[in-house]
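Residue-level listing of the chains:
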Amino acid sequence: RVLTLARRTVKAGSQMGMRCGFVGSGTGWVGGSKRSAAVSVRVPVRPVRARAARRAVRMDAGESGQVVLDQSYAIPAVLLGGTAVCLGVGDGWTVAAVPLGLLGVFLAVQTTVVRFIFTESRLEVAKKSGDGFETVRGWKYDDFTNWELWWPGFPVLCYFKEKESYEGRGSIHFFPVVFNGKQLLDNLQTRTIRKDSYPPPSE
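Chemist: A description of a nonpolar patch on the surface should follow, citing residues and the corresponding values.
Modeler: A surface patch of nonpolar side chains, amounting to about 520 Å² of accessible area, comprises Trp-150, Trp-151, Leu-157, Ile-172 and Phe-174. With respect to the helices, strands and loops of the structure, Phe-174 is situated in strand β10 (residues 171-176).

Chemist: Which residues make up helix α2 (residues 74-89), and what values do they have?
Modeler: The terminal C-alpha atoms of α2, which comprises 16 residues, lie 23 Å apart, in line with the 22 Å expected from a rise of 1.5 Å per residue. Turning to α2, its buried residues are Ile-75, Pro-76, Leu-79, Thr-83 and Cys-86. In an axial view of α2, the angular spread of the buried residues amounts to 100 degrees, which keeps them on one side of the axis. Exposed side chains of α2 directed beyond 90 degrees from the buried face belong to Val-78, Val-85 and Gly-88. Structurally, α2 contributes buried residues whose contacts are with α3 (93-113). Following α2 by one or two positions, Gly-90 adopts a phi angle in the positive range, close to 75 degrees.

Chemist: Help me get a handle on the nonpolar core, residues and values and all.
Modeler: Membership of the largest hydrophobic core comes to 25 residues, with the highest contact counts inside it found for Phe-116, Leu-123, Leu-149, Phe-179 and Leu-184. When residues of this core are traced back to their parent elements, those giving at least two are α2, α3, β5 (114-118), β6 (122-129), β8 (144-150), β9 (157-162) and α4 (181-191).

Chemist: An account of the environment of Phe-118 is needed here, citing residue identities and associated values.
Modeler: On the secondary structure map, Phe-118 appears in strand β5. Each C-alpha atom, one on Phe-118 and one on Leu-188, is 9.1 Å from the other, the two residues being 70 residues apart in sequence. Filtering out sequence-adjacent residues up to four positions away, Phe-118 remains in contact with Gly-65, Gln-66, Val-67, Leu-69, Leu-123, Tyr-141, Leu-184, Asn-187, Leu-188 and Arg-191.

Rules behind the numbers
- Residues numbered from 1 in each chain as written.
- Predicted model: local features only at pLDDT ≥ 70, side-chain atom pairs only at ≥ 80, totals over all residues.
- Heavy atoms only, no water.
- Patch = residues over 30% accessible without salt bridge, like charges linked within 9 Å, V, L, I, M, F, W, Y side chains within 5 Å.
- Areas by Shrake-Rupley, 256 points an atom, 1.4 Å probe, with all protein chains shown as cover.
- Salt bridge = Lys/Arg side-chain N within 4 Å of Asp/Glu carboxyl O.
- Helix = DSSP H or I, 4+ residues; strand = E, 2+ residues; numbered from the N terminus.
- Expected span 1.5 Å × (residues − 1).
- Buried < 20%, exposed > 50% of the residue type's maximum accessible area, 1.4 Å probe, protein only.
- Arc of directions from axis to C-beta.
- Contact = heavy atoms within 4.5 Å.
- Core = buried A, V, L, I, M, F, W, Y, C linked by side-chain atoms within 4.5 Å.

Set out below in structure tokens:
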């Protein structure tokens, strides 16, 4: 009776797992012998949107209509200069020197390894890979819904919103201006949404 009850329990457990949609395997000892039962069912998987394929990019004007923004170490220099001042003053200012210095070094490295590229149809971000660069992100100009630049006189931070990411739900993006701010403003004005509140693009 005990053996019969155990076998019924294993069988019922397997059937219950199949009805509930579990995936896995069960192992039990029945009558002194090891018995394994594997259950395999289909599990719905949410489709994941594939990222755009990476491509090698040229850092010159070889491609028609392509503009690679020049690097600018202005912001890292200001941060590192502020770090030196804080260390020179001493006292409580030494504490502020640590985050300023770390941020300055981080942005200096990003300035070296990251490039922003305006192609004929999209804004792309390229990262150093080996001896060259390859794109890691990109957004079509037609998908831009808004952008802001703080501040045109001394650009520090740029923001833009697009409707392409996350299956059409869109997303917002912020990035420090570690490249030529005038080039950035000119290309945003001519290739995306022109804004009267900003200086007109250079002719």
